[in-house]
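A structural walkthrough
Given next are the chains, with one letter for each unit.
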Amino acid sequence: MNSLHQFTAEPMIAYFSMETGIRNDIPTYSGGLGVLAGDTIKSAADLKLPFVAVTLISRKGYFTQEIDTSGWQTEKPVAWDPAKFMALLPEKVKVRIEERDVTIQAWIYLVESPTGGKVPVLYLDTDVPENQLQDRGITDYLYGGDQAYRIKQEVVLGMGGVRMLSALGFHIKKYHMNEGHASFLVLDLLLRFKRDIESVWDERSVWDIARVRDLCVFTTHTPVEAGHDKFPYPLVQQVLGEIIPFDVLKDLAGKDHLNMTMLALNLSKYINGVAKKHGEVSQMMFPGYQIHAITNGVHTFTWTCEDMAKIFDKYIPGWANEPELFVRSGNIPELELWEAHREAKKKLLAYVRTATGHEMDPNVLTFGFARRATAYKRMHLLFHDVDRIARITEKGKLQIIFAGKAHPHDENGKRLIQGLYGFRDRLPGKIDIAFLPGYNMDIALKLVSGVDVWLNTPLRPLEASGTSGMKAAHNGVVNFSVLDGWWIEGHIEGFTGWSIGAAATSNVTSANADNEDAADLYDKLENIILPKYYNPDKSAWARMMKSAISKNAYYFNSHRMMRRYVTEAYIR
Ligand SMILES: *Cc1c(COP(=O)(O)O)cnc(C)c1O
């Protein structure tokens with residue numbers, strides 16, 4: 001790498017994320033959080049923002065998913081070589097872990113936009129010769145290992161990241177924490193700005209909390225209490241030692257455990273959730289803090305398939321760097337849009353055939369469902385009443401393509417995937433079901449562009465935002481989804497897609513939610529979606545596709561999201 005000078009001349013926004021999904025062959029992401037980070041970085045580059053990103057190298061990736069003939073998931077480490085994509089910078093920084101010095105180096109990857117904007121991404125790596133064997137593996141497995149492994153990774157990310165930025169000569173005017181994994185960065189800032197005075201009346205006044213708060217922005221991503229990292233203080237003591245007095249730390253990060261979310265909440269001037277509803281839910285979870293909302297978006301160019309891009313180039317030139325132009329989607333001829341979609345669908349079905357040996361019919365209404373295999377996402381809801389779905393599909397055929405990984409330690413999640421294979425065996429000739437193993441960014445693009453309807457069935461209000469439905473909209477694929485996360489904002493019934501179950505105004509989750517949601521799903525599938533899809537005149541369907549583009553892709557893109565981060569979080 002020739003020189004970082006072009007980036008160190010002006011103050012920058014530093015964006016910290018444990019996982020980052022910039023491209024499919026850099027496997028340092030597990031799912032939505034990482035892909036969002038990648039989209040954020042790409043939009044920052046397109047918009048020429050002064051932006052640098054910090055993440056972990058995850059040399060063994062998250063994992064490669066394999067599915068055996070019984071439908072059971074097994075995991076393999078991902079083998080990839082950072083040197084194929086990035087350059088190793090010579091600068092070295094250290095953090096103290098278990099009273100050892102752990103040396104960190106950074107790989108640099110430059111995201112370069114066709115606009116000329118550039119964003120450096122620093123991938124922190126502890127696999128350096130100075131380190132003892134046990135420390136060389138700290139940056140190997142994304143979300144792997146035990147709590148001690150996780151806290152060490154977070155020390156490397158947060159404290160190591162801040163030190164690396166300084167060593168490289170960056171001037172940082174805001175630190176943006178993408179989820180609480182990076183919260184330890186505030187500890188390093190507290191140490192850096194420690195006042196050189198001994199106040200007799202209050203020892204705590206040496207910690208310049210206000211100054212650190214002014215520098216920090218925090219985005220929270222999970223409305224599930226268990227989703228927030230918490231570490232017992234004895235573990236903190238063992239790994240970090242008492243780098244700032246424990247009574248001060250406990251005031252900032254929680255009495256009983258070190259809660260990474262609380263640490264970030266207490267030391268950030270601007271805090272936000274990732275959709276309006278999620279902002280409200282977070283506000284209830286964290287009373288006493290002001291929680292804003294900036295609804296997520298996806299990177300328009302990345303998440304538009306080739307066939308759609310051709311149509312957009314023809315009728316909406318300039319769309320990729322100015323997604324607001326989607327407001328003009330009305331100009332696209334309906335049948336041309338439909339044909340472009342047919343092409344994308346054929347490509348997806350060809351991929352399904354090579355990946356699974358499964359032959360699917362391009363003339364059949366095709367649903368897609370791809371997300372982490374975990375209970376609240378309810379990937380079995382379509383099969384809630386097997387007899388009913390079998391009867392409905394006698395009136396018009398349906399096929400569905402699934403994908404998604406279960407966390408390696410999540411046996412229940414693996415059983416959900418296996419359950420899909422069970423439904424396939426119980427519904428032969430009724431519904432064709434395919435499962436694509438190894439869900440990743442490439443498969444995601446094929447899926448969200450090649451199916452006809454994107455299905456999402458989370459248990460409310462547990463879907464913070466969801467972004468795959470926004471990707472679908474960029475390809476004219478309509479959403480059929482529970483009113484949660486972004487869909488509350490994107491949904492116009494019968495126009496951008498359809499809702500499933502209760503209105504978003506109802507805050508209580510009914511004990512009967514599965515029955516109610518499944519009943520609504522079946523009613524709409526039978527009476528609205530199937531008849532509309534199988535109408536020989538495709539223009540009504542294509543008009544909905546256009547609305548998905550002009551109402552949803554127009555708004556739920558990461559360019560709009562980044563402009564809001566700039567005006568509401570970064571320049572304050
Ligand atoms: C977009 C994406 C996700 C996130 O999708 P959600 O709808 O938020 O669940 C997860 N994994 C991959 C590979 C993606 O591309």
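In this text, all values refer to a predicted model and were calculated from it rather than measured experimentally.

What follows concerns the overall build of the protein chain. Check the secondary structure of the protein chain and you find 20 helices and 20 strands. Seen through its principal axes, the protein chain has C-alpha atoms that stretch 80 × 45 × 45 Å. The burial tally for the protein chain puts 60% of its 572 residues in the buried class. Put simply, 71% of the contacts in the protein chain that link residues at least 6 apart link residues at least 24 apart. Here the protein chain displays about 21900 Å² of accessible surface, and carbon together with sulfur accounts for 52% of that area. If you average the places of the 65 positive and of the 68 negative side-chain charges in the protein chain, the two averages end up 3 Å apart.

This paragraph deals with the sheet that holds strand S19 (residues 478-482). Taking strand neighbours across the sheet as the criterion, the 6 strands line up as S17-S16-S15-S18-S19-S20 in an open arrangement whose pairing is parallel. Looking along the sheet, the strands with just one partner apiece sit at the ends: strand S17 (431-436) and strand S20 (497-500). Taking the axes of each pair of neighbouring strands and ignoring which way they run, one obtains an average angle of 20° across the sheet. Two elements, strand S18 (residues 453-456) and S19, share 4 bridges in a ladder whose sense is parallel. Residue pairing across strands places valine 453 opposite valine 478, the latter belonging to S19. Contacts from helix H14 (residues 411-426) reach strand S16 (398-403) and S17 within the one sheet, and its direction differs from that of S17 by about 150°. Across the sheet, helix H18 (residues 513-533) is in contact with strand S15 (365-370), S16, S18, S19 and S20; its angle to S20 comes to roughly 160°.

Close contacts around the ligand come from 14 residues, with Ala444, Gly466, Thr467, Ser468 and Lys471 the closest. Take threonine 467: an N or O atom from its main chain is 3.0 Å from an oxygen atom of the ligand. In the model, an oxygen atom of the ligand is placed 2.6 Å from a nitrogen or oxygen of the lysine 471 side chain. In the complex, the protein chains occlude 92% of the 390 Å² of accessible area that the ligand would expose alone. Taken together, the elements giving at least two residues each to the shell around the ligand come down to helix H2 (32-46), helix H15 (441-450) and helix H16 (468-474). Per-class residue counts for the shell around the ligand are 5 nonpolar, 6 polar and 3 charged. Here the shell around the ligand spans two domains, and each of domain 1 (5-66 + 74-196 + 203-297 + 561-570) and domain 2 (306-556) adds at least three residues to it.

A complete count under the given rule lists 38 salt bridges for this structure. Arginine 388 is paired through a salt bridge with glutamate 526; the nearest N and O atoms lie 3.3 Å apart. Of the two residues, arginine 388 sits in helix H13 (residues 386-392) while glutamate 526 sits in helix H18, which places them 138 residues apart along the sequence. Glutamate 526 carries the same exposure label as arginine 388, and that label is buried. Linked through salt bridges whose partners overlap, the residues forming this network are Arg59, Asp125, Asp127 and Arg136.

With that settled, the discussion passes to the packing of helix H4 (residues 147-167) against helix H7 (residues 233-240). Angle between the axes and distance between the axes are the two parameters that describe a pair of packed helices. Viewed as axis vectors pointing N to C, H4 and H7 meet at an angle of 55°, and their least axial separation amounts to 10 Å. In this view, H4 runs oblique relative to H7, as classed from their interaxial angle. In this structure, the crossing between H4 and H7 has a hand that is right-handed. Taken together, the residues of H7 that come into contact with H4 (itself represented by Gln147, Ala148, Ile151, Lys152, Val155 and Met159) are Leu235, Val236, Val239 and Leu240. Grouping the amino acids of the contact of H4 with H7 by side-chain chemistry returns 8 nonpolar, 1 polar and 1 charged.

Attention now goes to the environment of leucine 47. Here leucine 47 shows up in the loop between H2 and strand S2 (51-56). The residues contacting leucine 47, other than those within four sequence positions of it, are His559, Met562 and Arg563.

Okay, the packing of aromatic side chains next. The full count for this structure, using the stated rule, is 25 aromatic pairs. When the ring of tyrosine 62 is compared with that of tyrosine 143, the centres are 6.3 Å apart and the planes differ by 85°; the resulting orientation is edge-to-face. Placement of the pair is tyrosine 62 in the loop between S2 and strand S3 (64-67) and tyrosine 143 in the loop between helix H3 (133-136) and H4, with a sequence separation of 81 residues. Comparing tyrosine 62 with tyrosine 143, the two get one shared label, buried. Feature note: the residues Trp338, Phe367, Phe480, Trp498, Tyr533, Tyr534 and Trp541 constitute an aromatic cluster, connected by ring pairs. It is arginine 211 that lies over the ring of phenylalanine 193; its NZ or CZ is 3.9 Å from the centre. Here the basic side chain of lysine 405 rests over the ring of phenylalanine 63, its NZ or CZ set 4.9 Å away from the ring centre.

What counts, and at which threshold
- Residues numbered from 1 in each chain as written.
- Predicted model: local features only at pLDDT ≥ 70, side-chain atom pairs only at ≥ 80, totals over all residues.
- Heavy atoms only, no water.
- Helix = DSSP H or I, 4+ residues; strand = E, 2+ residues; numbered from the N terminus.
- Buried < 20%, exposed > 50% of the residue type's maximum accessible area, 1.4 Å probe, protein only.
- Contact = heavy atoms within 4.5 Å.
- Areas by Shrake-Rupley, 256 points an atom, 1.4 Å probe, with all protein chains shown as cover.
- Lys, Arg positive; Asp, Glu negative; His and termini not counted.
- Charge placed at Lys NZ, Arg CZ, Asp CG, Glu CD.
- Pairing = 2+ DSSP bridges.
- Axes fitted to C-alpha atoms, helices over the stretch in contact; angles between N-to-C directions.
- Near = heavy atom within 4 Å.
- Polar contact = N/O pair within 3.5 Å; in protein donor to acceptor, adjacent residues only side chain to side chain.
- Nonpolar A, V, L, I, M, F, W, Y, C, P; charged D, E, K, R; others polar.
- Domains from an automatic or database assignment.
- Salt bridge = Lys/Arg side-chain N within 4 Å of Asp/Glu carboxyl O.
- Parallel < 35°, antiparallel > 145°, perpendicular 65-115°, else oblique.
- Left-handed = near helix turned anticlockwise from the far one by under 90°.
- Phe/Tyr/Trp six-rings, centres within 6.5 Å; stacked < 30°, edge-to-face > 60°.
- Lys NZ or Arg CZ within 6 Å of the ring centre and 35° of its normal.

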